[in-house]
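One-letter residues, chain by chain:
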Amino acid sequence: MINNNELETISVLCAKYGAGFLKNAPLAALTTFKIGGACDILIKVNCRELLREIVLCCKNNNTPFYVIGKGSNILVRDEGVRGVVLLLADDFADVRINNDKRISCLAGASLMAVCVLARNNSLTGFEFAYGIPGSVGGAVFMNAGAYDGEIADVLSGCEFLDEDCEIKTLELEKEKFSHRKSPFTGTKKIVLSAEFLLEDGEKMRITAKMDDFIARRRNKQPLEFPSAGSTFKRPEGDYASRLIDICGLKGFSVGGAEVSEKHAGFIINKGGATCNDVLKLIEAVKERVLKETGITLEREVQIMQMS
């Protein structure tokens, strides 16, 4: 638990930068799965200076902390999490266009906002991200992608907070990125901002491509139910959804969690699902797929737990 001295320090820092914070804050509504308990303190980060000082405070007090954006690839445990959750969202979401076909944005900006700004300025290359319900920070962190495009294709650089709480700049080295992995994956580094280099395009064609992608998502994915997107990583040479489907697992459920009948790669919250329901269903799916195909599926959804 957070002691009174640390709570006072956090309160002073938030007041210094005009940021809001909540004690015993529920987290379910901040995730696309709509599942999970509360955290000790939720801070709505509005600048990199506050973020750096709060992280330093947590490290000095051995307090666990976790960073979230749009909450689109996480599952919060039912009992909640101890420590501080740093929310990089609307208060940390500036997006602007430069004169050299580059879009600069803070980590809390939505991918949708970047897509729309690019389209409105007739810049192409970011259409693949239209409809991905994530933030820029999370997308860079995991090299998000869809429809044969990924963040590494358009990222020209970013700023991040390293493990020593120093603000650093990363120039793009594409060879350090791979399918759903980046130099940040598996680290405690925090993406602060990103810059995307796009190309001139025709607004009508860009719009048509974005409309096509969003239509495909609506037709093939269970967007009407809460979920965290693709539950499993793509196994080499195959698709998790195909393997789950041939094992007859569409519609298989545990409590309020269900393998979507629309897209087998999604586990959805049909209503009242708990984190425990989802985790039990994930394990049941993995066991069946391994038994029937010999392939071990790897979970893509991240479990929010303090370390």
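Predicted model only: the values in this text are computed from it and were never measured.

Participant: When you look at the overall build of the protein chain in this model, what are you seeing that I'm missing?
Facilitator: Scanning the protein chain from terminus to terminus reveals 7 helices and 19 strands. Computed over C-alpha atoms, the radius of gyration of the protein chain comes to 20 Å, within 12% of the 19 Å expected from 2.2 N^0.38 for 307 residues, which places it in the range of a compact globule. C-alpha atoms of the protein chain, sized along the principal axes, occupy 55 × 50 × 30 Å. Evaluated residue by residue, the protein chain yields a buried proportion of 48% over its 307 residues. Once local pairs closer than 6 in sequence are excluded, the contacts in the protein chain between residues at least 24 apart make up 67%.

Participant: Sorry, what's going on with the sheet that holds strand E12 (residues 167–171) here?
Facilitator: Pairing between sheet strands relies on hydrogen bonds along the backbone, with the strands arranged either parallel or antiparallel. Strand order in the open sheet formed by 5 strands is E6-E7-E13-E11-E12, and the pairing between neighbours is antiparallel. Strand pairing shows two members of the sheet lacking a second neighbour, strand E6 (95–97) and E12, which therefore form its edges. When the angles between neighbouring strand axes are averaged without regard to direction, this sheet yields 15°. Relative to strand E13 (residues 190–197), strand E11 (residues 155–161) runs antiparallel, the two being bridged by 6 bridges.

Participant: Where do I start with the environment of Ile 74 in this structure?
Facilitator: Take Ile 74: it is sitting in strand E4 (residues 74–76). Relative accessible area serves as the criterion here: at 9%, Ile 74 is assigned to the buried category. Spatially, the C-alpha atom of Ile 74 lies 8.1 Å from that of Thr 32, the residues being 42 residues apart in sequence. Not counting residues up to four positions away in its chain, the partners in contact with Ile 74 are Thr 31, Phe 33, Tyr 66, Ile 68, Ala 228, Val 301, Gln 302 and Met 304.

Participant: Mind showing me how you'd approach the sheet that holds strand E5 (residues 81–87) here?
Facilitator: Read from one edge of the open sheet, 4 strands run E1-E2-E5-E3, paired in mixed fashion. Edge positions in the open sheet fall to strand E1 (21–26) and strand E3 (65–68), since each of these has one partner strand only. Between one strand axis and the next, the sheet turns by 30° as a mean value, whatever way the strands run. One ladder, built from 5 bridges, connects strand E2 (residues 38–44) with E5; its direction is parallel. Directly across from Ile 43, in E5, lies its bridge partner Leu 86. Together, E2, E3 and E5 form the strand contacts of helix H2 (residues 48–60), whose direction differs from that of E5 by roughly 165°.

Participant: What is the right way to read unusual backbone geometry from this model?
Facilitator: The phi torsion of most residues other than glycine is negative, and most of the peptide bonds are trans. In this structure, Lys 101 is a non-glycine residue whose phi angle is positive, near 65°. Mapped onto the secondary structure, Lys 101 falls in the loop between E6 and strand E7 (102–106). The phi dihedral of Tyr 147 falls on the positive side, at around 50°, and the residue is not glycine. Tracing the backbone shows Tyr 147 in the loop between strand E9 (145–146) and strand E10 (149–150). Residue classification places Tyr 147 among the partly exposed positions, given a relative accessible area of 27%.

Criteria and cut-off values
- Residues numbered from 1 in each chain as written.
- Predicted model: local features only at pLDDT ≥ 70, side-chain atom pairs only at ≥ 80, totals over all residues.
- Heavy atoms only, no water.
- Helix = DSSP H or I, 4+ residues; strand = E, 2+ residues; numbered from the N terminus.
- Rg over C-alpha atoms; globule rule 2.2 N^0.38 Å.
- Buried < 20%, exposed > 50% of the residue type's maximum accessible area, 1.4 Å probe, protein only.
- Contact = heavy atoms within 4.5 Å.
- Pairing = 2+ DSSP bridges.
- Axes fitted to C-alpha atoms, helices over the stretch in contact; angles between N-to-C directions.

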